[in-house]
Amino acid sequence: MSSATRTLISPATLARPRGKALYWTVFGAVVVLFALAFIFPVYWMVTGAMKSPDEVARTPPTLIPRHWHLGGYTDAWDLMQLPQHLGNTLVQAAGAWAFQLVFCTAAAYALSKLRPAFGKVILGGILATLMVPAQALVVPKYLTVADLPLIHTSLLNSPLGIWLPAVANAFNLYLLKRFFDQLPRDVLEAAEIDGAGKLRTLWSVVLPMSRPVLGVVSIFALVAVWQDFLWPLMVFSDTDEQPISVALVQLSQNIQLTVLIAAMVIASIPMVALFLVFQRHIIAGISAGSTKG
């Protein structure tokens, strides 16, 4: 016997013209308020770069610039050397993404499908690192990167100083493992019957089925490197090699506020564009992880 779902407003009331009007009014107001809450800060930052320095510091602030100045964006592009630092960030983020995708996927596949000896113990140790504050790992990571064990070479002022520590991402590894655990066993057994080895099964069967979660992991990996500040600040003492997050702080001492705001707008464009392009994959990955199993 099915029980009717109780709601705040009964279906009979919603079926009436007055009830429908009230419902859509409240619904529209909530949507508009949430949209303003997310869009208004972006609008404020974009238009703030188009104001004069005096207008930005004025109290009360102006909602719309009285005089539109686009020179803040061109000044930020030239004075703060944004092309160079954006290029540095792109190289660091792309390398960290590639390393994470290769090694985290391989480790997650091994723990999920190959069932190695002491696999649960290894997974428990990996998950235990999530309980350690990131700040507590900064000094050991720096000492390791400054003098790499066995090789005794320094990775400071090198993209490898960003790429290699990024591989040890327990959250992404666990996310991939949980997704691999939910893959149909019949498909993998069919691949084995056809003569596919473990590596062939991973490449031809598992990875094509894992596109949603790989998209989510890719977004997490890229955003983590793009917005990180403390670790790149410690790794890159050479100003020319610094990413955009560090360069904005280092070069903002003698820069006008409008130019700094314009630089922050430009620095945020790649991540916004990345989300808009791959938002379908992000949503698909989240929904796939929540409905399978």
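The structure this text deals with has already been given above.
The following refers to the structure shown.

Rules behind the numbers
Residues numbered from 1 in each chain as written. Predicted model: local features only at pLDDT ≥ 70, side-chain atom pairs only at ≥ 80, totals over all residues. Heavy atoms only, no water. Helix = DSSP H or I, 4+ residues; strand = E, 2+ residues; numbered from the N terminus. Axes fitted to C-alpha atoms, helices over the stretch in contact; angles between N-to-C directions. Parallel < 35°, antiparallel > 145°, perpendicular 65-115°, else oblique. Left-handed = near helix turned anticlockwise from the far one by under 90°. Contact = heavy atoms within 4.5 Å. Phe/Tyr/Trp six-rings, centres within 6.5 Å; stacked < 30°, edge-to-face > 60°. Buried < 20%, exposed > 50% of the residue type's maximum accessible area, 1.4 Å probe, protein only. Polar contact = N/O pair within 3.5 Å; in protein donor to acceptor, adjacent residues only side chain to side chain.

Now for unusual backbone geometry. Cis geometry is found at the peptide bond from threonine 59 to proline 60, where omega equals 0°. Position of proline 60 among the secondary structure elements: in the loop between helix H3 (53-56) and helix H4 (71-79). The phi dihedral of arginine 115 is positive, around 50°, even though this residue is not glycine. For arginine 115, the position within the fold is in the loop between helix H5 (82-114) and helix H6 (119-128).

For the rest of this paragraph, the subject is the packing of H5 against helix H12 (residues 211-227). One can describe the packing of H5 onto H12 by two numbers: an axis separation of 9 Å at closest approach and a directional angle of 140°. Comparing their axes, H12 and H5 come out oblique. Considering the relative orientation of H5 and H12, their crossing is right-handed. Facing H5, whose interface residues are Leu86, Thr89, Leu90, Gln92, Ala93, Ala94, Ala96, Trp97, Gln100, Leu101 and Thr105, H12 presents Leu214, Val217, Ser218, Ala221, Leu222, Val225 and Trp226.

What follows covers the packing of aromatic side chains. Scanning the model with the defined rule gives nine aromatic pairs in all. Measuring from centroid to centroid gives 5.6 Å for tryptophan 24 and phenylalanine 27, while their planes differ by 90°, and the two rings are edge-to-face. Pair noted here: tryptophan 24 and phenylalanine 27 are both in helix H2 (residues 17-48), with a separation of three residues, about one helical turn. Relative accessible area serves as the criterion here: at 55%, tryptophan 24 is assigned to the exposed category. You can call phenylalanine 27 partly exposed: its relative accessible area is 42%.

This paragraph deals with the side chain of serine 112. Mapping serine 112 onto the fold places it in helix H5. Within polar-contact distance, the side chain of serine 112 engages the side chain of aspartate 181 at 2.5 Å. Apart from residues no more than four positions distant in its own chain, serine 112 is found in contact with Lys177, Phe180 and Asp181.

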